[in-house]
Amino acid sequence: MGAPNSNLRGFNHAVATLLKQPAQFLPHLTIPTFTHLPEDLGPHLRPSPSTGTDTNTSISEKGRVPNIRALVLDKDNTLCPPKSTTFPPQIIQKLQALRTSPTSPFRASENPHAILIVSNRAGSHPSFDSEVRDLESQLAHLSIPVFRLPPGVEKKPFCANEVVQWFREREVISSPNEIAVVGDRLGTDVLMAGMMGSWSVWCKEGVYEPGETGKPDRNVLEKMEVWIERYLREQKGFRAPAPTGWN
């Protein structure tokens, strides 16, 4: 068994997907950071059309809009700086708005189990239990839990079915296409959304706003993902396919 936070199989799966089904690597929506996530998310999602060549027409213009009732949120470099449990103030403000706004489909009073943090660190191994406690303590007033990886289940993207089941058991959703997965990694967050039959939102800049003081350089894998996304979209003309069962 590898180290608690290793994910070699996930890396191999990402490479295999890129070679065999490259469009699965592309998100349905790209935003700079989590703070830019639309409250009314459905009209902003853009799958490839099932027919025709107009890949820039949003699904709302086609007369059908996803009903997003649940959010799966990555932690590292989406809600917190990597390997930390520190929420920047603007992230907490965004979470607060999603849980309390009277127009939000994720408000706690009407949809108490609408948001779940799914991390390949916190909740994935007992060695990170202190992170889970810290995160849930900070978010207790917003009723946002951390997903605990069940015994024998591998971490993202391979826990897709278990994440969907978590929402089903709490009667949040009737279909996986009512879930949006929000994260900074194409090879885990976006691929897991595809495996779930859900929508994907890519936080391209991670947790830091563009140009923000202290923003670290991307690591090698992050740089590769940015290049791959641009190449597939601009040079090859690929678009994210709609979730399984949507059409």
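Residue indices begin from 1 for each chain and proceed along its sequence in written order. Two thresholds apply to this predicted model, a pLDDT of at least 70 for residue-level local features and 80 or more for giving and counting side-chain atom pairs, whereas whole-chain, interface and lining totals are computed over all residues. Side-chain metrics rest on all non-hydrogen atoms present in the structure, leaving aside hydrogens and water.

In the annotation of an unreviewed UniProt entry, the protein is listed under the name HAD superfamily phosphatase and assigned to Penicillium capsulatum.

(A) Geometry of unusual backbone geometry. Of note, the bond from Lys156 into Pro157 is cis; its omega dihedral lies within 30 degrees of zero at 5°. Along the polypeptide, Pro157 turns up in the loop between helix 3 (129–138) and helix 4 (160–169). Positive phi values are uncommon outside glycine, yet Lys83 reaches one of about 60°. In this structure, Lys83 sits in the loop between strand 2 (70–73) and helix 2 (89–100). The class of Lys83 is exposed, set by a relative accessible area of 60%. Backbone geometry at Ser143 places phi at a positive 55°, although glycine is not the residue there. We count a stretch as a helix when DSSP gives it H or I for four or more residues in a row; a strand needs E for two or more, and each element gets its number in order from the N terminus. Looking at the element boundaries, Ser143 is found in the loop between helix 3 and helix 4. For each residue, the accessible area found with a 1.4 Å probe, counting protein chains only, is set against the maximum for its type, and the residue is called buried under 20%, exposed over 50%, and partly exposed in between.

(B) Broad picture of the environment of Thr33. With respect to the secondary-structure elements, Thr33 resides in the loop between strand 1 (29–31) and strand 2. The class of Thr33 is buried, set by a relative accessible area of 0%. Setting aside chain neighbours within four positions, we find Thr33 in contact with Cys203, Glu205, Gly206, Val207, Tyr208 and Glu209. Counted as a polar contact is a pair of N or O atoms within 3.5 Å, where, for protein atoms, one must be capable of donating a hydrogen and the other of accepting one, and residues adjacent in sequence contribute only when both atoms are in side chains. Separated by 2.7 Å, the side chains of Thr33 and Thr35 make a polar contact. Polar contacts involving the side chain of Thr33 include one to the side chain of Glu209, which spans 2.7 Å. Note on contacts: a residue pair is in contact if any heavy atoms of the two residues lie within 4.5 Å.

(C) Spatial organisation of the sheet that holds strand 2. On the basis of which strands lie adjacent, the open sheet formed by five strands has the order 1-5-4-2-3 and parallel pairing. The two strands at the open ends of the sheet, each matched to only one other strand, are strand 1 and strand 3 (115–117). Here the average twist between neighbouring strands, direction ignored, is 20°. Across the sheet, helix 5 (residues 186–196) touches strand 2, strand 4 (179–183) and strand 5 (199–203), and the angle it forms with strand 4 is around 170°. Think of it this way: DSSP has to see at least two bridges between two strands before they count as a pair. To obtain each axis, a line is fitted to C-alpha atoms, and for helices this fit is confined to the stretch in contact; angles are then taken between N-to-C directions over 0 to 180 degrees.

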